[in-house]
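# Structural overview for review
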Amino acid sequence: MFKKGPLQIVVFQSYGTNSHLYVRGRALEDESIDLNQQHIFHLLVNSWKRFESDEIKYANLKITLPDSRIVETQTDDHGYFLVDTILENLQALANEEGWVNFEVSYSDEHPKRKIQNNNRFKGELLVPSTEVDYGVVTDIDDTLLHTGVVSVLKWRVIYNTIFKNAKHRLPLKGAPEFYHVLHRGKSGGNANPIFYVSHSPWNMYRYLELFLRQHQFPKGPILLRSFKNILQKKRGDKPQKQKEILNILKTYPKMRFILIGDSGEFDADIYIEIAQMYPDRILAIYLRSVRHTKKMLRVRGLFENYKTTPVLLVESSDQAIAHARANGFIK
């Protein structure tokens, strides 16, 4: 009989407004994943644990805000929870960067199960100031992190994900600096929100969070997708990444955005469609060039007669910074 691990709650960094609470996370057994491990055997074991997670189904949870307000929720059949509700005066709880700190805990009693952290799991919600210049929505894979998504059968993605420690994954040259100047905006002292959106599953959340923190990217909501959504996707459905971006635009109807991706997969297609839907709200599209001739030719063809939004196929972060400065996006 296998011994059951202690219970934990992984709270995903999310976003909201002064009157919109939007919180996500997952209730799981602790798999004892050590993200600092470097030995190849331990990296393999960690990868197995990351995807073979033991979710806590239909658990009753409560979210406690700094002013003691409580919101209750329940996990689904995969252990995920989502709170999407109206709650006033959240801006007053935010720090100068716009982050609201809160706690999530199990509200049910589990007398035979140990709960980590004294049943207090920290969460953060970004409530951007109404004074920001713009928001930034960015892909992660091959946009700011080398993954090898265009490799044959995506073998480099598999190798990098399983056999590389998050702390030793390398960002694309100059990427952290580029995101910091966008975060600081026109004045050099703003706090423009950065939203990290990826096709990666939620199982990769802590891995990607560590990578972003280790390489000092600006803190921002990390938005991934569940295997449940992948398996239930129907013909004609929009990609989950596109749905996430549209939800961000809906949440901040007066905010304009810069979209950043790469030329390797379908960022170009998604971003063009969004820019056509919101031509006055998309300031620019930056697409990092990838080393794949056919994919690059396809993307260049998409933008050959495209005039709706300024588009730059980016060869280097310096090139992107120069373009952003020339267009008045940064100081």
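Look above for the structure.
In what follows, the accompanying structure is described.

What follows is about the packing of aromatic side chains. Any two aromatic rings considered together are summarised by their centre-to-centre distance and by the angle between their planes. One pass over the structure, following the stated rule, counts 14 aromatic pairs. On the numbers, 6.1 Å between centres and 45° between planes, the contact of Tyr-15 with Tyr-252 is tilted. Placement of Tyr-15 in strand 2 (residues 14–15) and of Tyr-252 in the loop between helix 6 (240–251) and strand 12 (257–262) is noted, with a sequence separation of 237 residues between them. Judged on exposure class, the residue Tyr-15 and its partner Tyr-252 are both buried.

Going residue by residue along strand 14 (residues 311–314), you find Leu-312 and Val-314 tucked away on one face and Val-311 and Leu-313 left uncovered on the opposite face. Relative to strand 14, strand 13 (residues 282–288) is paired through four bridges, and the arrangement is parallel. The residue of strand 14 that forms the bridge with Leu-287 is Leu-313.

Taking 1.5 Å per residue as the helical rise, helix 6 with its 12 residues ought to reach 16 Å, and the 16 Å between its terminal C-alpha atoms agrees with that figure. Among all positions in helix 6, only Gln-240, Lys-241, Gln-242, Glu-244, Ile-245, Ile-248, Leu-249 and Thr-251 are buried.

Taken as a whole, this structure holds two cavities of 30 Å³ or more when the rule is applied. Each pocket or cavity is described by its volume, and for the second largest cavity that value is around 40 Å³. Lining the second largest cavity, in full, are Glu-97, Trp-99, Leu-126, His-183, Ala-191, Asn-192, Pro-193, Ile-194 and Lys-219. Grouping the constituent residues of the lining of the second largest cavity by class yields five nonpolar, two polar and two charged.

To continue, consider the sheet that holds strand 2. Judged by pairing direction, the sheet is mixed, and its five strands sit side by side in the order 2-8-7-4-5 without closing on themselves. What marks the edges here is a single partner per strand, and that holds for strand 2 and strand 5 (70–74). Taken together, the two bridges between strand 2 and strand 8 (residues 121–126) define a ladder with parallel strand orientation. From the neighbouring strand, Tyr-15 faces strand 8, where its bridge partner is Leu-126.

Right, let's get into the nonpolar core. If you look at the biggest cluster of nonpolar residues, it comprises 38 residues, and the most contacted ones within it are Leu-144, Phe-178, Leu-182, Ile-258, Tyr-286 and Phe-329. Sort the elements by how many residues they give to this core and helix 4 (residues 205–214) lands first, with five residues. Setting aside residues no more than four positions away along its own chain, Leu-182 makes contact with Tyr-134, Val-136, Asn-192, Ile-258, Ile-260, Ala-324 and Ile-330. Core analysis: the second largest hydrophobic core is formed by 28 residues, Tyr-22, Ile-245, Ile-270 and Ile-282 among them.

Definitions and cut-offs
- Within each chain, residue numbers correspond to sequence positions counted from 1 in written order.
- Residue-level local features of this predicted model are given only where pLDDT is at least 70; pairs of side-chain atoms are given and counted only at 80 or more, and the full residue set underlies all totals for whole chains, interfaces and linings.
- Here the side-chain values reflect all heavy atoms present in the structure, with hydrogen atoms and water set aside.
- A pair of Phe, Tyr and Trp rings is counted when the ring centres sit within 6.5 Å of each other, with Trp represented by its six-membered ring. The angle between the planes then sorts it: under 30 degrees is stacked, over 60 is edge-to-face, the rest tilted.
- Secondary structure elements are defined from DSSP: runs of H or I of at least 4 residues count as helices, runs of E of at least 2 residues count as strands, and each element is numbered from the N terminus.
- For the exposure calls, accessible area comes from a 1.4 Å probe over protein chains only, and a residue counts as buried if that area is under 20% of its type's maximum, exposed if over 50%, partly exposed in between.
- Two strands are said to pair when DSSP picks up at least two bridges between them.
- Given a helix with a known number of residues, its expected span is that number minus one, times 1.5 Å.
- Cavity means a closed set of points on a 1 Å grid over the protein atoms alone, one where a 1.4 Å probe fits but cannot get out, pocket means an open set with protein on both sides within 12 Å along at least 5 of 7 lines, and lining means a residue has an atom within 4 Å of a point.
- Grid points are joined across faces, edges and corners, and a volume is the space filled by probe spheres set on the points.
- Polar here means any residue other than Ala, Val, Leu, Ile, Met, Phe, Trp, Tyr, Cys and Pro, which are nonpolar, and Asp, Glu, Lys and Arg, which are charged; Gly is therefore polar.
- Nonpolar cores are built from buried Ala, Val, Leu, Ile, Met, Phe, Trp, Tyr and Cys residues. Side-chain atoms within 4.5 Å join them into one set.
- We call two residues in contact whenever any of their non-hydrogen atoms come within 4.5 Å of each other.

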